[in-house]
Amino acid sequence: MAAWQFDQCIARPGSGSQQFALSEHLRTVGERASSHEEGIRRDLLKLAGLLHDMGKARDSWQQYIRKLGPGVHHAFLGSALFFYLVQQEALSREDMRYALFLCRDIACHHGVLDDLGDDPPWYGGWEEGSLREMDLEGFQRFIYQTCPRFSHFPTDATQLELDLRKLPRVWRKWSLKALSGIDDVASALPWALRGPTSALIAADRFDAVNIQPDPGINAELAEKALAQLEQYIDAEKERVSALGGSQMAQYRQQVQHDVEALLHQESTPITILQMPTGSGKTLVAIKAALKHFVSREPGKLIYVAPYLSIVTQTADSIRRATGLEVLEQHHLSIPELKKTESPEGPLLLMESWQSPVVVTTFNQLFGAIFPRKAQESMRLRALHQAYVIIDEPQIMDSSVWNMFLTMLRPLTEEMRAQVFIMSATIPPYRFAPGLDSLLTVVQSDPLPQSAGRFVIAVNSEPKTIADTAQWALEEVTENGSCAVILNTIADVAQVTETLTGQMDDNTQLFALHGAMQPLHKAYQLSLIKKAMAEQPTLVIATQTLEAGIDISFRSILRARAILPSIIQAAGRANRHGENSRARVTVFDFIRDDGSSSRHFVYRDAIMREETDALLIPGPIIEEPDIPPLLTRYFDQVFERNRYTTGLQRIIKAARGEWSAIAGLEPFGQDTFIPRLPVFIPLGGPQNEPYLWIDDATQALMQGFNVSVEEIYQRFIEPGFLRRLDFLRRKQFLNLLGRFMINIPLKQGLALTEGNPDLSVQRLVDVEAYSPHLGLGHWYIRHAQDEGVIL
């Protein structure tokens, strides 16, 4: 007989006299998870909520939670009992499929989202005798009271175990029937968005830490924010005019007015806005979102950008422009320490996007739509009735573009989200099936010739390392600021080393690339911005510099890449039109052995070939000519390769093979070589060991009472992370991440001990890391083909 009666079981340790009853937790999760469903699916999702933690009713788990015994698994039991109950029902094929997916969700609701296989999801974790540890009579009473439709099962543990042993055969029969009939994308889409998964996980996590979902932006909040936004826009116009860019400011004002009039007429769930770079797309999008919430149901405003640098800048801009609370969420963000019942609360609020405005990265949005872990799926609930702004989508890898677009259909239909996609040029969307009827395209008037901020020229002569260094010196001397953007870290390091010693005392030289520790890179950027305001400045960088960094150069030399990357680089030239037109020069960079490094980064031969067909020496490309040029580029690339093979992966996922799309990356890294996290035990150069460490990092280090070197020592210390509560553990891992670089596996193993027992390796030879070049000078000698680390 069970030691604990069902109504005495707890879900988590109490606080003082307060007890957290398991029955209450299960009841709450069942009700909240199923609140958006109807009919039989509401009953099924409610049952999943009631059973997801039923394994905690075992004596051994109750011993564990009271610190009287070791930890035990619990998810397998709820999964098995769920299928036992639902297989008694006469369900349609679609509802059988729904039930199978929920059974899988219960089994992995604390870990990786698995595939559906021939064996039931609880099969590998089943522990004999687990039912004999439960008060089955109390469990039956609970189910009868909360969901009487599914309360028919024996209360004799031996009989129930015998019944459960017959289920694998029934599981296979259901799988054969339920997972058939999904033969195309249209039939797959409703099953490829993990809405029920998200509802179950969010309900569980929110109740566990006793927090309520943020309701988002209502009409009153939206109207107040709109009024403040108008004042901000007027102030921005005056600021840009004061910089000397009055013509650009006037164009922005006119084009924003015209576009807003067109957007007011939109009635489809997806809007595509095409406006020139620097014309104020973000402000237009924010205003459109706020107007949406004035007349629609409340929801969250979710702004999504390709890179961390854009996220940080935009989050600050939205705060200042609207006065709204803004949550910034990415892999290095730390939750605000708001008062919650549980230490996990602040982190959960951040990870599940509980704020009126959320500013995040493509990676995090992909984690919501293509989750690999149960925890990531929580964000999908935040997309319900949300206004989602997608900025600069052309930076996505072409191989995932159609998959992403295709998934917008269930996002708008099932989650009732409004999607706003904006860029100067959008890649073709006609190859995403079924999207045409859902979208409206709004195009602004082109930038007038007189308002162009830069021109693009193509140099006819290949440039060596020495040639490039000499050319860069001439450009910075003539123009006052120059950026040289090269394709690989080794290229950047070689040109920078060549320039070192050639600079006069009045000119500042900086290197910038992805093989720099995050703190070091941020410090370099702050120095670059300061130097450019005071003296001639030369920056040698990889495409990291293209990633939305708000710096304006008078001259840019760009090694030949692919056209979208070149246009991104051009966006760093004379950004506000504050000076006469800047010049962006594309050139062929060759190494001393005569080879090109371009293909190490830009691996798609079609994209390289179409770029070369459009960028030829001679003609000058004016800024207003860029949108039609990019349109030609994308049309020609997609005509040769429509990148639709990924759509088959969506069909596989809908058939239960979730791993086909789980963890999909926006920049295509899932198809590239694996990477290794490497800890760089430095906070600055030897004579200033804390130079790069910002205030937030310093506060974290003080909170854990660690030096830079001790951070890694604590990480590998046996039991250290387990001794921390949930939030403190996340804070420590965040601190660790501030000193880490994700390096291609081959190079990471060469730089570290390569201990297979450690998830993060430590740089063995700190001399390999330079205060001026990061790991760049090591790459010159050891990794000429490394490509780019963003």
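Heads up: the structure comes first, above all this text.
Residues numbered from 1 in each chain as written. Predicted model: local features only at pLDDT ≥ 70, side-chain atom pairs only at ≥ 80, totals over all residues. Heavy atoms only, no water.

Some remarks on the pairing of strand β15 (residues 582-587)
No. 1: With five of six residues buried, β15 lies mostly within the body of the structure.
No. 2: Across five bridges, strand β10 (residues 454-458) lies against β15 in parallel orientation. Within β15, the residue paired with valine 458 across the bridge is valine 586.
No. 3: Sheet analysis places strand β14 (residues 555-559) next to β15, joined by five bridges and oriented parallel. Its bridge partner being in β15, isoleucine 556 is matched across the sheet by valine 584.
No. 4: Handedness of the crossover joining β14 and β15 through helix α23 (residues 563-570) is recorded here as right-handed. (Buried < 20%, exposed > 50% of the residue type's maximum accessible area, 1.4 Å probe, protein only. Helix = DSSP H or I, 4+ residues; strand = E, 2+ residues; numbered from the N terminus. Pairing = 2+ DSSP bridges. Right-handed = clockwise from strand over helix to strand, strands pointing away.)

Let's talk about the sheet that holds strand β4 (residues 301-305)
No. 1: The strand order across the open sheet built from seven strands is β5-β6-β4-β7-β8-β3-β9, with neighbouring strands paired in parallel fashion. Each edge of the open sheet is held by one strand with a lone partner, namely β5 (326-329) and β9 (439-443). Geometrically, the sheet is characterised by an average inter-axis angle of 15° between neighbouring strands, direction not taken into account.
No. 2: Pairing geometry for strand β3 (residues 270-274) and β9, over five bridges, is parallel. Looking across to β9, one finds that glutamine 274 is bridged to glutamine 443.
No. 3: In this fold helix α14 (residues 308-322) packs onto β4, β5 and β6 (357-361), with an angle of close to 165° to the strand it touches most, β6.
No. 4: With respect to the sheet, helix α16 (residues 362-369) is in contact with β4, β5, β6 and β7 (387-391), its orientation differing from that of β6 by roughly 100°. (Axes fitted to C-alpha atoms, helices over the stretch in contact; angles between N-to-C directions. Contact = heavy atoms within 4.5 Å.)

Observations regarding the packing of helix α4 (residues 75-86) against helix α8 (residues 167-178)
No. 1: Where α4 meets α8, the closest approach of the two axes is 11 Å, and the angle between their N-to-C directions is 70°. Relative to α8, the element α4 lies roughly perpendicular. Considering how the two elements wind past one another, α4 and α8 form a crossing that is left-handed. Seen from α4, the contacting residues are Ala80, Phe83, Tyr84 and Val86; seen from α8, they are Leu167, Val170, Trp171 and Trp174. (Parallel < 35°, antiparallel > 145°, perpendicular 65-115°, else oblique. Left-handed = near helix turned anticlockwise from the far one by under 90°.)

Notes on the environment of leucine 519
No. 1: Following the sequence through the fold, leucine 519 ends up in helix α22 (residues 518-532).
No. 2: By relative accessible area, which is 4% here, leucine 519 ends up buried.
No. 3: Taking the C-alpha atoms as reference points, leucine 519 and tryptophan 126, separated by 393 residues in sequence, lie 46 Å from one another.
No. 4: Here leucine 519 is in contact with Trp692, Ile693, Asp694, Thr697, Arg738 and Phe739, once residues within four sequence places are set aside.

A few points about unusual backbone geometry
No. 1: Unusually for a residue other than glycine, tryptophan 353 sits at a positive phi of about 65°.
No. 2: Within the secondary structure layout, tryptophan 353 lies in the loop between α15 (345-351) and β6.
No. 3: Despite not being glycine, glutamate 392 shows a phi value in the positive range, around 55°.
No. 4: Looking at the element boundaries, glutamate 392 is found in the loop between β7 and α19 (398-414).
No. 5: Glutamate 392 sits in the buried class, given a relative accessible area of 11%.

Some remarks on the environment of methionine 134
No. 1: Among the structural elements, methionine 134 can be located in the loop between α5 (93-107) and α6 (136-146).
No. 2: Of the residues examined, methionine 134 reaches a relative accessible area of 6% and is grouped as buried.
No. 3: On a C-alpha basis, the gap between methionine 134 and alanine 386 in space is 42 Å, while along the polypeptide they are 252 residues apart.

Observations concerning helix α9 (residues 185-192)
One full turn of an α-helix is made of 3.6 residues, so residues set three or four places apart face in the same direction.
No. 1: Here α9 has its buried residues at Val185, Ala188, Leu189, Trp191 and Ala192.
No. 2: Buried residues belonging to α9 abut α2 (39-51), α5, α16, α19 and α27 (647-654).

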